[in-house]
Structure formats: C-alpha cells, structure tokens
Amino acid sequence: MLEDSRRSNTPILQYSNTPGKLFEMVRFETERLVIRDHTGGDEESLQRLLMDAKAMRYLPDIFCHTPEEVHKNLQTAVQEAHNSDRTKYFFVIEHRADHQYIGEIGFTRVAPVGPKGKIAGLGYFILPECWGNGYTTEAALAVIDFAFQHCGLHKLTCGCLK
C-alpha cells in the first residue's frame, strides 16, 4: 500500500458544464504533487510541454507543431474525463504547494476486458526542467495504485519508444 506517499486517492465529484449533470473528476495528492483530470485552463501549460522537442523526443505521435494541435489534444483529454465509459485517463501533474505545472501522466485501456480483467498502458512525460526530482516516480506510484484500486485493471504495462 502507498499510504506514506499518497494523500488522497479517492476521486471527487464535481459539476460538469451541463446543468444538472454530474461527472467524476479524478483528483488525488501525493506528498509533493497533485494529480488531476484536465480542465480548459490547462492549455498554456500543455502547450509548453507538447511543443517541447526535448520532452517529447520519445513520443513523436503526440508531439504538437501548432497551438491548434495542442488545443485539440486538450479537448480530447477533457472530453474523455466526462465519458461515462472512460478508457483514457490523462492527468496533469502539478506541485501541491504552488500548483506549478510539471507534466502529464496517465493510462489507456489497450485491450478489452479479458478473463482476468482490464489491461492498460501507462505513459508519462514531464517538462525537462522538472527531470531528476523523482516527480515521475511519485506520480506513477499514485496512478498505478489508483488504476488498480478504482478502475478494475488486472494488468498495466509501460514501455519506451525509440
């Protein structure tokens, strides 16, 4: 159990933009981080990351060349957070103390439910100036815990493209 590194791994309910409709917004904390679903206000931070060639070196499929591509990416993340049959969990990583943006982490179901449960792939990328501080490890431990405890996953994989 990750009790020592996780503050609150329980998703909270918030109102959507549709009057009277509730959706579950995922937000939890670790000792130093907040990990949460995206909102429309994340575009500037996401643009810094997705348009950074160094940060996106091993993720050429999601590297963005224009602000419009970033906007589309953010729209997808926000829409998926409102999806009742959610298969993609794209999260912001930010400092708990000052809410400064660090990067992204999440998982996507890559296979239908098998005999033992759901299978997903984990991914992450953070701003280069945040590298070497243990943020990815801290966020990954919390997200893995969340995935297994709250999303019914049986298997979670992670790899690197070269």
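Refer to the structure printed above.
To keep things clear, this report deals only with the structure shown in the data block. Here the structure is a predicted model, which means the values were calculated and not measured.

Reading guide: rules and limits
- Residues numbered from 1 in each chain as written.
- Predicted model: local features only at pLDDT ≥ 70, side-chain atom pairs only at ≥ 80, totals over all residues.
- Heavy atoms only, no water.
- Helix = DSSP H or I, 4+ residues; strand = E, 2+ residues; numbered from the N terminus.
- Buried < 20%, exposed > 50% of the residue type's maximum accessible area, 1.4 Å probe, protein only.
- Contact = heavy atoms within 4.5 Å.
- Areas by Shrake-Rupley, 256 points an atom, 1.4 Å probe, with all protein chains shown as cover.
- Salt bridge = Lys/Arg side-chain N within 4 Å of Asp/Glu carboxyl O.

**Notes on the overall build of the protein chain**
- For the protein chain, the helix and strand inventory stands at three helices and nine strands.
- Along the protein chain, helices (α) and strands (β) appear in the sequence β-β-β-β-β-α-α-β-β-β-α-β when read from the amino end.
- Among the 162 residues that make up the protein chain, the fraction classed as buried is 40%.
- Nonlocal contacts in the protein chain, meaning residues at least 24 apart in sequence, comprise 55% of its contacts between residues at least 6 apart.
- Accessible surface computed for the protein chain: about 9400 Å², of which carbon and sulfur atoms make up 51%.

**Brief notes about the side chain of threonine 136**
- Residue placement: threonine 136 occurs in helix α3 (residues 135–150).
- Using a relative accessible area of 19% as the deciding quantity, one classes threonine 136 as buried.
- Sequence-distant contacts of threonine 136, defined by excluding residues within four places in its chain, comprise Ile105, Tyr124 and Ile126.

**Structural notes on the pattern of salt bridges**
- Inspection of the entire model under this criterion finds seven salt bridges.
- With its nearest N and O atoms 3.0 Å apart, the salt bridge here joins arginine 27 to glutamate 29.
- Relative accessible area serves as the criterion here: at 27%, arginine 27 is assigned to the partly exposed category.
- Judged by relative accessible area, which is 18%, glutamate 29 ranks as buried.
- Here the residues in one salt-bridge network are Arg27, Glu29 and Arg96, joined through shared partners.

**Observations concerning the environment of threonine 39**
- With respect to the helices and strands, threonine 39 occurs in the loop between β5 (33–37) and α1 (43–50).
- Threonine 39 sits 38 residues away from alanine 77 along the chain, and the two C-alpha atoms are 8.5 Å apart.
- Not counting residues up to four positions away in its chain, the partners in contact with threonine 39 are Met25, Leu74 and Val78.

**Examining unusual backbone geometry**
- The backbone of histidine 99 sits at a positive phi, close to 60°, despite the residue not being glycine.
- Counting through the fold element by element, histidine 99 comes out in the loop between β6 (88–95) and β7 (101–114).
- Relative accessible area serves as the criterion here: at 42%, histidine 99 is assigned to the partly exposed category.

Any functional reading would require information that these geometric values do not contain.
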